[in-house]
Protein chains: 2
Amino acid sequence: MRPTVIDIAREAGVSLATVDRVLNARPGVREKTVRAVNEAISKLGYVRDLTAANLARGRSYKVAAVLPDTESQFLQSLAEALTEAGSMAATSRTELHLYRFPAEDPHALAALLGSLSDRNYVGVALMAPETPVLRDAVRGLRAKGIPTVALVSDLPNAGCDHFVGVDNRAAGRTAGVMIGRFLGGGPGQVMVLGQSLLARDMIERRRGFDEVMQRDFPGLEVLQSLETHGSPVTLRQVVAEILTNAPQICGIYAMGGGNRTLTQVLADMGLSGKLTVICHELTPHVRAALIGGEVTAVITQNLGHLARSTLRVLRAKVDHQPLDEGQEQIRIEIVLRENLPALPDFSAQAPIDRTS
Amino acid sequence: MRPTVIDIAREAGVSLATVDRVLNARPGVREKTVRAVNEAISKLGYVRDLTAANLARGRSYKVAAVLPDTESQFLQSLAEALTEAGSMAATSRTELHLYRFPAEDPHALAALLGSLSDRNYVGVALMAPETPVLRDAVRGLRAKGIPTVALVSDLPNAGCDHFVGVDNRAAGRTAGVMIGRFLGGGPGQVMVLGQSLLARDMIERRRGFDEVMQRDFPGLEVLQSLETHGSPVTLRQVVAEILTNAPQICGIYAMGGGNRTLTQVLADMGLSGKLTVICHELTPHVRAALIGGEVTAVITQNLGHLARSTLRVLRAKVDHQPLDEGQEQIRIEIVLRENLPALPDFSAQAPIDRTS
DNA sequence: CAATTTTTGAGGAACGTACCTCAAAATGAT
DNA sequence: ATCATTTTGAGGTACGTTCCTCAAAAATTG
């Protein structure tokens, strides 16, 4: 049996109330007594039962996830992953609510964040572009003791408690190695496409990619990034034109966004499997393109992992518990057709068992 | 506020005792009343607080992990990962104890497993070669209601509740694609080395590897596996000899075991970076070899993830809760020098905070 | 409709912790 | 030694659930 506070009290020769005062750092205990209690704790190897503590405190983990309301497949998958993670954690006093904000309106976002503390949220996960208004809003949350984590895209100057996402520079480097190796080091040209929600990510990826290409694959010429903000039509035209006129292009690095359009162009031009194409984020479309041969490899982060990590980090912050850094490091995953993870079969899912 | 059993009782117009009887499937409740209670449950969206339930039940998750006592780096890392995961989970009523058994003695293993139920273990994680004696022992555990999961290597006929580990056939396929692509499809020869604790893993890997090589890379000749059971000296000699006499060899697939010796030979022969070498399991030595260039890519499973998954699965089984399949699927990870995850810095780790 | 059986209700103790109050004891200052 | 102050103890209630007992109510049987 694990020792309890009662065992500690007996061992230290003090009352339960005193042990409690020491454990919860309440005042009014002599230095000497504190030491006696701590000795008993380490002698018996006492570890506080957090579940009982939270029960007693009446604490539950009510957290909010705040995302832009853009309709990209990535965001939709992320929202699903978060909802799923939230419902799986419902049995352990955890509630997660999803909020969306108009992507172009930092003030609406700030207002939303400001309102969360009144609604008794104890933690917030946030994916948003960094603006001064946002920084203030995050600071406001933290001032009220509400831990805030940045999701997917870091907010280095907002003072978040944690960043849940991948190192995009390393992701770009990985893309570089993959494309360089798969192309045998050249010769040839590599086209780079960029169109992302959060500019920061793309800059980091490009930086990492160039780093590797310059150093390790001088035989491959990397073209300037094509930034086709938004419009699929433009993207379609530009890509088709370039591919037609530049036969030296043997690889494409799609840094983010527009994967659907890109793979369609490739399929339409009969280029499936002919080029080495690397992109980011394993959305349903990209998955299909991987199977179809339009895409060679995908650099991705596991959104399920990301979502669960978000919840774990927020809980740990709320509890003032240390993080298991290893667990919370979101790995950069390389997915080829051959290691494509099976799609979970939702239809066959077991119902939640309430009987035990 | 989340609804509690009291709210359910009020809503259904019955007493707390009846709600409890329904929730815990105790007899003596009319069909009609059961329905009324269940309706109240779904109407209010009640979800049982498992932490409070376990507290009341006096249930804690005391589980045993049983591993062979071989001194490989892989097993040592696995043991560390399990211990670490156990200590991180200590605050949530979880205890994990590690047991080792003499690798060549199935009867000692069976005896060990038999003794676990008397010591109040509620779950067992097991890594062992499958033998008839083992199957009986596992059946015995399950008969006593102790869930058992197979670790790293599946035990398909032992009737375990779950398998925690990667699909080795898929891992072999991935190795095949990587080596094939990196070598540009040939021409050349690929050497295959095998020496594993658990024969089953290796057979599966080889099968997956051959599958891909035959289908997608006919230009590469795959040599017969070199099985150097145990002896590093033999391995050293054989590998050195073959590499000297067969200049057509451009790739090596090391399916398991002996990585340390292999990379030493390669370094000694001045072949670092010259061959495409793929091996399994990111142990400290392999990590060094990746940096040094003796190894090109590593197919690995994240042992931290494996260990935490083991605990989660066992807890879910003990609670008769459904698994989050997505979370428990151990991904096949491809590690190159460029996406080598940072080694966690243990010296800088924060102490456990007991004050909140 | 009485006797029997089944179903239900009311209540309490327990799990390990938090947090509160009030009084008693120990300590420090004068 | 007296007083004020600090420290400690004893005891209670609460969190949401489990599990127990005993009696009351309702349903079923003959």
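The sections below set out a description of the structure shown in this document. (Residues numbered from 1 in each chain as written. Chains lettered and ligands numbered in written order. Predicted model: local features only at pLDDT ≥ 70, side-chain atom pairs only at ≥ 80, totals over all residues. Heavy atoms only, no water.)

**Description of the packing of aromatic side chains**
Here comes step 1: Within the structure shown, the criterion is met by five aromatic pairs over all chains.
Here comes step 2: Measuring from centroid to centroid gives 5.9 Å for Tyr99 of chain B and Tyr121 of chain B, while their planes differ by 85°, and the two rings are edge-to-face. Here Tyr99 of chain B is found in strand E2 (residues 94-101), whereas its partner Tyr121 of chain B is found in the loop between helix H6 (106-116) and strand E3 (123-126), with 22 residues between them in sequence.
Here comes step 3: Here Tyr121 of chain B falls in the buried class, since its relative accessible area comes to 5%.
Here comes step 4: If you follow Arg181 of chain A out to its NZ or CZ, it ends over the ring of Phe182 of chain B, 5.2 Å from the centre. (Phe/Tyr/Trp six-rings, centres within 6.5 Å; stacked < 30°, edge-to-face > 60°. Helix = DSSP H or I, 4+ residues; strand = E, 2+ residues; numbered from the N terminus. Buried < 20%, exposed > 50% of the residue type's maximum accessible area, 1.4 Å probe, protein only. Lys NZ or Arg CZ within 6 Å of the ring centre and 35° of its normal.)

**Observations regarding the protein's contact with DNA strand D**
Here comes step 1: As a structural note, the neighbourhood of DNA strand D is formed by 26 residues, with Ser15 and Thr33 of chain A together with Tyr46, Arg48 and Ala56 of chain B the closest of them.
Here comes step 2: For DNA strand D, the fraction of protein-proximal atoms (within 4 Å) that sit in sugar or phosphate groups is 74%.
Here comes step 3: In this structure, Arg21 of chain A approaches DNA strand D through a side-chain N or O atom, which is 3.0 Å from a base oxygen.
Here comes step 4: Note that a base nitrogen of DNA strand D is positioned 3.3 Å from one of the backbone N or O atoms of Ala52 of chain B.
Here comes step 5: Elements supplying a minimum of two residues to the surface near DNA strand D: helix H2 (16-23) and helix H4 (50-57) of chain A together with helix H4 (50-57) of chain B.
Here comes step 6: The greatest single-element share of the surface near DNA strand D, amounting to four residues, is contributed by H4 of chain B. (Near = heavy atom within 4 Å. Polar contact = N/O pair within 3.5 Å; in protein donor to acceptor, adjacent residues only side chain to side chain.)

**Structural notes on the nonpolar core**
Here comes step 1: Of all hydrophobic cores here, the largest spans 106 residues; its most connected members are Leu78 of chain A together with Leu78 of chain B.
Here comes step 2: The contact partners of Leu78 of chain B, leaving out residues within four places of it in the chain, are Leu67, Met127, Leu151, Val152, Leu303 and Leu306 of chain B. (Core = buried A, V, L, I, M, F, W, Y, C linked by side-chain atoms within 4.5 Å. Contact = heavy atoms within 4.5 Å.)

**Notes on the sheet that holds strand E5 (residues 162-164) of chain A**
All names here are of chain A.
Here comes step 1: Reading across the sheet, the five strands line up as E2-E1-E3-E4-E5 and stay open at both edges, with parallel pairing between neighbours. The open sheet has two free edges, formed respectively by strand E2 (94-101) and E5, since each of these has just one partner strand. Here the strands of the sheet are splayed against their neighbours by 25° on average, with no regard to which way each runs.
Here comes step 2: As paired elements, strand E4 (residues 148-151) and E5 share three bridges and run parallel to each other. Within E5, the residue paired with Ala150 across the bridge is Phe163.
Here comes step 3: The sheet contacts of helix H13 (residues 303-319) involve strand E1 (61-68), E2, strand E3 (123-126), E4 and E5, and relative to E5 the element is tilted by about 165°. (Pairing = 2+ DSSP bridges. Axes fitted to C-alpha atoms, helices over the stretch in contact; angles between N-to-C directions.)

**Re the sheet that holds E3 of chain B**
Residues and elements named next belong to chain B.
Here comes step 1: Taken in spatial order, the five strands make up an open sheet running E2-E1-E3-E4-E5, and their pairing is parallel. Strand pairing shows two members of the sheet lacking a second neighbour, E2 and strand E5 (162-164), which therefore form its edges. Within the sheet, the average angular offset between the axes of one strand and its neighbour, ignoring direction, is 25°.
Here comes step 2: Where E3 and strand E4 (residues 148-151) come together, three bridges link them in parallel fashion. Note on E4: the bridge partner recorded for Val124 is Thr148.
Here comes step 3: Across the sheet, helix H13 (residues 303-319) is in contact with strand E1 (61-68), E2, E3, E4 and E5; its angle to E5 comes to roughly 165°.

**Some points on the relation of the copies chain B and chain A**
Put simply, the two copies of the chain differ by a rotation about an axis and a shift along that axis.
Here comes step 1: Placing chain B over chain A gives an RMSD of 0.1 Å and needs a rotation angle of 180°, together with 0.0 Å of translation along the axis. What we have between these two chains is a two-fold relation.
Here comes step 2: When the interface residues of chain B are mapped onto chain A, 98% of them are again interface residues, pointing to one common binding face. (Least-squares fit on C-alpha atoms with pLDDT ≥ 70 in both.)

**Some thoughts on the packing of H2 of chain A against helix H3 (residues 31-44) of chain A**
All names here are of chain A.
Here comes step 1: With their axes 10 Å apart at the nearest point, H2 and H3 run at an angle of 90° to one another. In terms of their interaxial angle, H2 and H3 are classed as roughly perpendicular. From H2, Thr18, Val19, Val22 and Leu23 reach across to H3, where they touch Thr33, Val34, Val37, Asn38 and Ile41.
Here comes step 2: Of the residues assigned to the contact of H2 with H3, the class counts are six nonpolar, three polar and no charged. (Parallel < 35°, antiparallel > 145°, perpendicular 65-115°, else oblique. Nonpolar A, V, L, I, M, F, W, Y, C, P; charged D, E, K, R; others polar.)

**With respect to the protein's contact with DNA strand C**
Here comes step 1: What surrounds DNA strand C is a group of 26 residues, the closest being Tyr46, Arg48 and Ala56 of chain A together with Ser15 and Thr33 of chain B.
Here comes step 2: Side-chain polar atom of Thr18 of chain B to a phosphate oxygen of DNA strand C: 2.8 Å apart, as the coordinates give it.
Here comes step 3: Listing elements by their share of the surface near DNA strand C, those giving two or more residues are H4 of chain A together with helix H2 (16-23) and H4 of chain B.
Here comes step 4: The element that contributes the greatest number of residues to the surface near DNA strand C is H4 of chain A, accounting for four residues.

**Points about helix H1 (residues 5-12) of chain B**
All names here are of chain B.
Here comes step 1: Residues of H1 that are buried include every one of Ile8, Ala9 and Ala12, and no others. Within H1, the buried residues cover an arc of 100° as seen down the axis, which keeps them to one side.
Here comes step 2: On its buried side, H1 packs onto H2 and helix H3 (31-44).
Here comes step 3: Positive backbone phi, at 70°, marks Gly13, one or two positions downstream of H1. (Arc of directions from axis to C-beta.)

**A closer look at the pairing of E3 of chain B**
Remember that side chains alternate between the two faces of the sheet whenever the strand is regular.
Residues and elements named next belong to chain B.
Here comes step 1: Burial along E3 is two-sided: the residues Gly123 and Ala125 and Val124 and Leu126 are all buried.
Here comes step 2: Here E1 runs beside E3; their pairing, made up of four bridges, is parallel. Note on E3: the bridge partner recorded for Ala65 is Ala125.
Here comes step 3: What joins E3 to E4 is helix H7 (residues 132-143), and the crossover it makes is right-handed. (Right-handed = clockwise from strand over helix to strand, strands pointing away.)

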